[in-house]
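Listed below, chain by chain, are the residues.
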Amino acid sequence: YQNENHANALKSIIFSLENNRPVILAGKKGVGISQTAIWTAQMYSNRHLKECPNKEYYINCTCDTQCSDLFGKNKPTVKMNSDEYNNEILHFEPGILTSAIKNGGCLILDNVQEVSPTVLERTDPIFDKKYDDNDNIFSIPENPKEPNIQIHKNFRIICTCNINYINHLSPAFINRFDVVVLEDQINYDENEFKSLISILLEQNVFT
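Residues numbered from 1 in each chain as written. Predicted model: local features only at pLDDT ≥ 70, side-chain atom pairs only at ≥ 80, totals over all residues. Heavy atoms only, no water.

What follows deals with the nonpolar core. Ranked by internal contacts, the top residues of the largest apolar core, which has 31 residues, are L107, L109 and F155. The set of elements that each furnish at least two residues to this core consists of β2 (56–60), α3 (67–71), α4 (96–103), β5 (106–110), α5 (117–121), α6 (124–127), β8 (156–162) and α7 (171–174). If we skip the residues at most four places from it in the chain, F155 touches N20, L97, A100, I101, G104, G105, L107 and I126. Within the second largest apolar cluster, 15 residues are counted, among which are L25, Y44, I158 and V180. (Core = buried A, V, L, I, M, F, W, Y, C linked by side-chain atoms within 4.5 Å. Buried < 20%, exposed > 50% of the residue type's maximum accessible area, 1.4 Å probe, protein only. Helix = DSSP H or I, 4+ residues; strand = E, 2+ residues; numbered from the N terminus. Contact = heavy atoms within 4.5 Å.)

Written out as structure tokens, the structure reads:
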């Protein structure tokens, strides 16, 4: 359903991503911030990551989300008649954030307000980039074989947050992001409202 509020939010997010800025998309429950984040990530990825096999990375955050979910962890190696891990007892399995950083994907942290502040603090070095000729490096001490990885030039991150709980995030974390607010998408102008009803009926929403 095309409307001005949604169009403005999309333009703002794309502008931030194109300028290498992470984004927090905030809105009330039910206004569509999760789906909007996914669509925007797809738009950005289709433009910049055509050769990347995994263009978007998505995780629905909860209070149980751990550093290992984002960064990775060492796991016992399961022998599958393969020398992939060179007979190692343990191997490092990268988390979703590590994969996005390395491959240049667009990561969506949905409901980021649910994540423990301790876990979010671990992401700070990603955003504290040095704008010089040196490569941007992120440290992952959990992986002894590759403790430092280069941050891909096309890595981007979009967080979604229920605007009623945005104060659960620390000011230091929020200040690293461009905050875009998605307002209510339903315009109560009579003609626009009739248009929305027609679209919903065509999509068999009420059947």
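Alright, that's what it looks like, and here's the rest.
Moving on to the pairing of β8. Counting buried residues in β8 gives seven out of seven residues, a clear majority hidden from the surface. Where burial is concerned, the two faces of β8 agree: the one with R156, I158, T160 and N162 and the one with I157, C159 and C161 are both buried. Looking at chain direction, β5 and β8 are connected through four bridges and run parallel. Note on β8: the bridge partner recorded for C106 is R156. (Pairing = 2+ DSSP bridges.)

Taken as a whole and judged by the stated rule, the model has three aromatic pairs. Through a chain of ring-to-ring contacts, the aromatic side chains of F127, F173 and F177 assemble into a single cluster. The residue whose ring lies beneath R122 is F71, and the NZ or CZ to ring-centre distance is 4.2 Å. (Phe/Tyr/Trp six-rings, centres within 6.5 Å; stacked < 30°, edge-to-face > 60°. Lys NZ or Arg CZ within 6 Å of the ring centre and 35° of its normal.)

Moving on: helix α2 (residues 33–48). Between the first and last C-alpha of α2 there are 22 Å, a value that for 16 residues agrees with the 22 Å anticipated at 1.5 Å per step. All of the buried residues along α2 are I33, T36, A37, T40, A41, Y44 and S45. In an axial view of α2, the angular spread of the buried residues amounts to 165°, which keeps them on one side of the axis. Looking at the buried residues of α2, the elements they touch are α1 (4–18), β1 (23–27), β2, β5 and β8. (Expected span 1.5 Å × (residues − 1). Arc of directions from axis to C-beta.)

With that settled, consider the pattern of salt bridges. Going through the model one piece at a time under the given rule, you end up with six salt bridges. Residue R47 pairs with E18 through a salt bridge whose shortest N-O separation is 2.8 Å. Here the residue R47 occupies a position in helix α2, and E18 occupies one in helix α1, the gap between them amounting to 29 residues. Residue classification places E18 among the partly exposed residues on the basis of a relative accessible area of 32%. With a shortest N-O distance of 3.0 Å, D178 and R21 are connected by a salt bridge. With D178 in strand β9 (residues 178–181) and R21 in the loop between α1 and β1, this residue pair connects regions lying 157 residues apart in the sequence. With a relative accessible area of 22%, D178 lands in the partly exposed category. (Salt bridge = Lys/Arg side-chain N within 4 Å of Asp/Glu carboxyl O.)

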